[in-house]
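This is what each chain is made of:
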Amino acid sequence: MNGTIRVGNLFGIPFYIHPSWFLVLGLVTWSYSSGLAAQFPQLSAGLALLLGLMTALMLFASVVAHELGHSFVAIRQGIDVKSITLFIFGGLASLEKESKTPGEAFWVAIAGPLVSLLLCGIATTIGVTTAASGPLAAILGVLASVNLALALFNLIPGLPLDGGNILKAIVWKITGNPYKGVTFASRVGQIFGWVAILSGVVPLLLFGNAGNFWNLLIGFFLLQNAGNSAQFARVQEKLTGLTAEDAVTHDSPIVSANLTLREFADERVISGQNWHRFLVTDDDGQLVGAIAVDNLRTISTALWSETQVKQVMRPITESTTVQSDQPLLEVMQLLEQQKLSVLPVIRENGVLVGILEKAAIIQLLQNRTQPNPA
């Protein structure tokens, strides 16, 4: 997953860490151990380093808890969580699909910040009720403040942050259109991205102060991801209402199982068709397998006239087909997830409709994007 390292499962959810996170963990450990050593000179260097590492790991756990908040709410809505990934800017819970209603989307989005606010409250309460002092009080204070900052930062109302998803849900509720919600929240995210970039660039240019360099990174992160969200929303909107059958390739490569290899070669291969793989149907038009042109080489040409396609074809499992009435957006996501370029499309009774190519979906999107002639 883009260079990430799988470190195990959390409550059955695959858990990944981007290598950049280890750098963050090291920097946080060094920073807080140095701060504790300066604040409490009586601490030995080893103990300060240990406490700094403990602090960093608790902050690490806070980000994980934030993402688990999103995940558990999504799971309660029947949405599978494909993974949780930690990277340099925080964490990401990758969901199988969107919530069905704006209300459900709202609760998935706000669950993470609520968990962070809860952790802030717990750390503050422990510090106050136990009258903690010394390094323990300092660590509790850091834990509370970081979780508060994590919640407030994520509540910025622009995608891809949680606040952007909350804004998306609100606009979706008002307009009845989820894609308008994504577009609006993406634009707000881009605005915050430019603000963050300017807040880093202006002090650098005017005063030579690079102290806000982190703002530059956050700004570019917001710009890129908000733009990607808006682009994907436009694709989703254009595919709305379309099914797999709408993108089936005309004159799909289909042959009868009862053809001889000689007939298959004459009618399909030698005739100039450029297909290298053909779907095979029975007398009822149902998909029963597939045959590749290369399969002909496994049979002597002297036997082609007495060997039928069904004797050479390879079976196709249901997992490699899609239903004709399946939403085209789901099919596109399936193609991306399984790294496929072609899928057979069948009807509910198993009758083959044809093949669906990724290129055909792209062409369909381009056609729907072009303005209609006057």
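Treat the numbers as computed from the prediction; the structure is a model and nothing was measured.

K.L.:
Just to check I follow, could you spell out the environment of F232 for this structure?
P.N.:
Positionally, F232 belongs in helix α7 (residues 213-239). The class of F232 is partly exposed, set by a relative accessible area of 36%. A C-alpha to C-alpha distance of 9.3 Å links F232 and Y179, two positions 53 residues apart in sequence. Discounting chain neighbours no more than four positions away, the residues touching F232 are M332 and Q333.

K.L.:
Please explain the nonpolar core as it appears in this structure.
P.N.:
Side chains of nonpolar character tend, in soluble globular proteins, to be buried together. The biggest cluster of nonpolar side chains holds 20 residues, and the ones touching the most others in it are L239, V322, L328, V331, V345, L356 and I361. Of all the secondary structure elements, the ones that give two or more residues to this core are α7, α10 (328-337), β9 (342-346), β10 (352-357) and α11 (358-369). Considering each element in turn, this core owes the most residues, 6 residues, to α10. Not counting residues up to four positions away in its chain, the partners in contact with V331 are A244, V322, Q326, L343 and L356. Ranked by size, the runner-up nonpolar core spans 17 residues in total, among them F15, W21, V24 and L68.

K.L.:
Whenever I open this one, the side chain of T183 confuses me. Can you help?
P.N.:
Inspection of the secondary structure assignment puts T183 in helix α6 (residues 178-207). Of note is the side chain of T183, whose polar atom sits 2.9 Å from the backbone oxygen of Y179.

K.L.:
I'm lost on helix α2 (residues 45-76) in this one. Help?
P.N.:
Residue pairs three or four apart in sequence face the same way in an α-helix, which turns once every 3.6 residues. Look at α2: 46 Å from first C-alpha to last across 32 residues, which is about the 46 Å you get at 1.5 Å a residue. G78 sits one or two residues past α2 and shows a positive phi near 85 degrees.

K.L.:
Got a minute to help me understand the sheet that holds strand β4 (residues 90-95) in this structure?
P.N.:
Judged by pairing direction, the sheet is mixed, and its 4 strands sit side by side in the order β1-β2-β3-β4 without closing on themselves. Lying at the two open borders of the sheet, with one neighbouring strand each, are β1 (5-10) and β4. The sheet shows a mean angle of 25 degrees between the axes of neighbouring strands, taken without regard to direction. Where strand β3 (residues 81-87) lies against β4, 6 bridges are found, and the strand directions are antiparallel. Residue pairing across strands places F87 opposite G90, the latter belonging to β4. Running over the sheet, α2 touches β1, β2 (13-17), β3 and β4 and is turned about 160 degrees from β3.

K.L.:
Help me understand the pattern of salt bridges, please; the structure alone is not making it clear to me.
P.N.:
Oppositely charged side chains may form a pair once their charged atoms are brought near each other. Applying the stated rule across the entire model yields 4 salt bridges. With a closest N to O distance of 2.8 Å, R347 and E245 form a salt bridge. Of this pair, R347 sits in the loop between β9 and β10 while E245 sits in the loop between α7 and β5 (254-256); the two residues are 102 residues apart in sequence, bridging distant segments of the chain. Among the residues examined, R347 registers a relative accessible area of 35% and is labelled partly exposed.

Conventions used here
Residues numbered from 1 in each chain as written. Predicted model: local features only at pLDDT ≥ 70, side-chain atom pairs only at ≥ 80, totals over all residues. Heavy atoms only, no water. Helix = DSSP H or I, 4+ residues; strand = E, 2+ residues; numbered from the N terminus. Buried < 20%, exposed > 50% of the residue type's maximum accessible area, 1.4 Å probe, protein only. Contact = heavy atoms within 4.5 Å. Core = buried A, V, L, I, M, F, W, Y, C linked by side-chain atoms within 4.5 Å. Polar contact = N/O pair within 3.5 Å; in protein donor to acceptor, adjacent residues only side chain to side chain. Expected span 1.5 Å × (residues − 1). Pairing = 2+ DSSP bridges. Axes fitted to C-alpha atoms, helices over the stretch in contact; angles between N-to-C directions. Salt bridge = Lys/Arg side-chain N within 4 Å of Asp/Glu carboxyl O.

Remember that the coordinates give geometry; whether it matters functionally is a separate question.
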